[in-house]
Amino acid sequence: MKIIFLTACLWFISGISHAQEGELRLEKLQTEHLPEPLGTDAPHPRLSWRVASEDTEVYQESFRIYVAADSMAIVNRDGKLWETFRQGGDILVIYDGKPLRPFTKYYWGVEISDNKGRKSALAISHFETGMMQAGNWEGSWITDVEDTDLKPAPFFRKEIRPKRNVVRARAYIAAAGLYELYLDGEKAGDHRLDPVYTRFDKRNLYVTYDVTENFRKKRTAVGVLLGNGWYNHQSTAVWNFHEAGWRARPGFCLNIRLTYDDGTTEVFATDKSWKTSLSPVVFNSIYTAEHYNALLEQPGWDTAGFDDSSWNPAIEVKAPSDSIVAQAMPPIRNVEQIVPEQIRKISNKRYIFDLGRNISGVTKLKVSGKKGTRIRVTHAEQLDSLGNPDLSNINVHYRPKDTLDPFQVDIYTLSGKGEETFMPKFNYKGFQYVEVKSDKPVALTKQSITGEFMHSDVKPAGSIHTSNEIINKIWKATNASYLSNLFGYPTDCPQREKNGWTGDAHINIETGLYNFDAITVYEKWMADHRDEQQPNGVLPSIIPTWGGWGYDWGNGPDWTSTIAIIPWEIYRFYGDDKVLRDMYEPMKKYVDHITSVSDGNGLTDWGLGDWVPVKSETPEELTSSIYYYVDATILARAAGLFGREKDREKYTGLARNIKNAINKKYLDPETGIYGNGYQTELSAPLYWGVVPDSLKQKVADRLAAEVKRADNHIDVGLLGTKTILGALSRNGYAGLAYQVASQDTYPSWGWWIKNGATTLYENWDLNAGSDISKNHIMFGAVGAWLYKGLGGILPDERAPGFKNIILKPHFVKGLSQFEARHEGPYGEIVSGWKTEGDHIRYHVVIPANSTAELHPGEGYYIYNNNKKDRERSGVLRLSSGSHEFLIKTD
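Engineer: Any details on the packing of helix H10 (residues 584-597) against helix H12 (residues 645-666)? Residues and values, ideally.
Structural biologist: Axis separation between H10 and H12 bottoms out at 13 Å; the angle between their running directions is 40 degrees. H12 is crossed by H10, and the crossing has left-handed handedness. Mapping the contact onto sequence places Tyr584, Lys588, Val591, Asp592 and Thr595 in H10 and Asp647, Lys650, Tyr651 and Leu654 in H12. Of the residues that constitute the contact of H10 with H12, the class distribution is four nonpolar, one polar and four charged.

Here it is in structure tokens:
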């Protein structure tokens, strides 16, 4: 038997520090998981912080919080609104003081004591409330006309004259569609595509801006440009969003709230006194592209003194819904600017650019030319055999009525006034290649085009670095696809659909949470789930949707288990149960509906199955029933967490019945084979805990044999990518899982990389006839497996949020260096190793105020101080700090 020895300095394990006592600090103060949010609606906001210290074995023993509307009160430790003292290591608390008022800035401070008898300095942060309830809005929703088919986007303007000296100004804007807000000729903020997409007839989002500096003068011009977004979908696509029941001409409501130096306030709100005119944005579609005619520009339209006498008065319309709530998440931004790697001049009227990588976003074009020159900017993921842009892999759902709305083709008409810059305002695309064609000669260089990588600007929370460059590139490509599909909700692809496919999202929730701080995006999306759920519990397969599509095809537990899996994973990763509580009743309703349509024995065939497999097709009844089991299990655990004992007993029993039904029909206990013994058929029951304990190793052995029969390659679809690597690495075959993950021949992730991929594809086969997008997140679960199956960084459900970290690393052959870093709520966790001759040096970092359990596993031994005596190791309990182990093989 292969024996592995671990050598560790005992003081690392015990946590005894030989260093000088260091500073105790508090960092990353957040409200509602956001730094100093402006315009929150939460009546009981969540307050959180992080303990930081270079010392080992540092734990928070108590904390005190102060909340007040006066910053000096906090400095003086006077919590006029709320003050609480608590024992323990919690770093997230819910405000439980006096009722918060709208439009108010609040300060909060926290100080802690640790186990070494030290006290931290008082750390102070703040947040500001917004409307807090729909009744606080003033004025009216306005638009320009009621013609939904009118193509040009509308301008709106109004000049505001403050009565006295302004000390604070806030702009609150909600829109049905998309907007850009301008003040005296400058765009407010750096957000793109606000507000993010929701079910418009159920819930609308508003954004808050600090516009104080814009109102330091006698008069200020306010301008708004509206775009269609998903609200007024004018392109024709297979999902028929142009037939949405909410569809109307875009509208908005804006409140500008001024606070004067005498303490009084005044609100300027939208009404029919606002003026409107059509803009140079002559067409805009979230699905296809944007057309802009610079000859129609009205210079100064958003500045004071502009002559708007020829403009029309706005018309007042009803709000699209009764629920107008704050957009509480990182905004969509132009996050990265990419200069093309190559330009190919075909003629002085045609150029082709290569960004060198696939992205979501837009292009920024800088060009000079004759007045009236018409330029077409085509965005593609691939080139054809002649080197021309080829959209055939992504335009499969494009259903044009005419030639006026080409797919992913911006159209710009030059004004002829020197160098002009064009960047679409109300659209994004998926592309690597850009063709610029003009009807008159123009001179372009590599610097004439910039690729603007757009996505929800979530902060990185993890990194992977290994000695295997294929693995490194797979990790980068996975993250690129994840970000390319995060636009206020998780999508499937940034070009062909841009829809919130539920299956893609729950398969990749761990990939998202290991790599990015995305909790607020998912909390918003769970609110979208609540909006879309029908009274009988059914969810559509894409969320948001328009109320018709997705409820009768593509859904089912294998897809819409988002309702259970995502809240549970957020709880595990963040230690925050709010979204799990919010989704508890919807989850119950959903599970009860599956029960009502199951076969009575605990099985259901409602679902899509293992979508786009390599070749082997797993029965839908097996995979859907497994997810039915997963949902019932999560519901039972949530019930136990919330003290709902009757529910816990009911759904624990339901989960047991489903498990038994699956095993009765599909498992051969003599052979350890489920169904036909395909990789998904074997790995899904193993991964999700369906296999009886006594048969786990037999099933794992069968799975390993099936993988080896495929020459150590995958033969799975969407659902199997979640389970294949984890099922192997958890059950004694981590080395085989690594071989599968690192393959660079077909079918594999590495095969895509070897063929030039910078994002993940939709099909394993590069020459497939369908499902051939080159920027899909659906097969991205490998990104999470790198943290789990190699780094072994796992949350502990008994102490969630990585308060206690489970470490189960796998030191696989062929990988001489590996490091995983994940920034959880308590700080950065590191798990990494390097081979050094005949041994491996394993390095771990545990953040302050947290602990870890290192599970060496069977065949591992602690080898203390290089003595010959070996002690069989169980679980090593590690304190906060840096730990290093020397691992040898016999």
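Engineer: Just give me the short version of a negative patch on the surface, but keep the residues and values in it.
Structural biologist: Together, Asp599, Asp605, Glu617 and Glu620 give the surface a local cluster of negative charge. In this fold, Asp605 is placed in the loop between H10 and helix H11 (620-641). We classify Asp605 as exposed; its relative accessible area is 54%.

Engineer: Residue-level account of the sheet that holds strand E41 (residues 804-807), with values.
Structural biologist: Across a sheet, paired strands are connected by hydrogen bonds in the backbone, their directions being either parallel or antiparallel. One open sheet holds the four strands; their spatial order is E40-E41-E45-E48, and the pairing between them is mixed. Each end of this open sheet is capped by a strand with a single partner; those strands are strand E40 (793-795) and strand E48 (876-878). Direction aside, the axes of adjacent strands within the sheet are offset by 30 degrees on average. Relative to strand E45 (residues 851-854), E41 runs parallel, the two sharing four bridges. From the neighbouring strand, Ile805 faces E45, where its bridge partner is Ala852.

Engineer: Which residues make up the environment of Val167, and what values do they have?
Structural biologist: Looking at the element boundaries, Val167 is found in strand E12 (residues 166-176). The exposure class assigned to Val167 is partly exposed, which follows from its relative accessible area of 45%. A sequence separation of 49 residues divides Val167 from Arg216, and the C-alpha atoms of the two residues are 8.3 Å apart. Apart from the residues lying within four places of it in its own chain, the contact partners of Val167 are Thr212, Arg216, Thr259, Tyr260 and Asp261.

Calculation rules
Residues numbered from 1 in each chain as written. Predicted model: local features only at pLDDT ≥ 70, side-chain atom pairs only at ≥ 80, totals over all residues. Heavy atoms only, no water. Axes fitted to C-alpha atoms, helices over the stretch in contact; angles between N-to-C directions. Helix = DSSP H or I, 4+ residues; strand = E, 2+ residues; numbered from the N terminus. Left-handed = near helix turned anticlockwise from the far one by under 90°. Contact = heavy atoms within 4.5 Å. Nonpolar A, V, L, I, M, F, W, Y, C, P; charged D, E, K, R; others polar. Patch = residues over 30% accessible without salt bridge, like charges linked within 9 Å, V, L, I, M, F, W, Y side chains within 5 Å. Areas by Shrake-Rupley, 256 points an atom, 1.4 Å probe, with all protein chains shown as cover. Salt bridge = Lys/Arg side-chain N within 4 Å of Asp/Glu carboxyl O. Lys, Arg positive; Asp, Glu negative; His and termini not counted. Charge placed at Lys NZ, Arg CZ, Asp CG, Glu CD. Buried < 20%, exposed > 50% of the residue type's maximum accessible area, 1.4 Å probe, protein only. Pairing = 2+ DSSP bridges.

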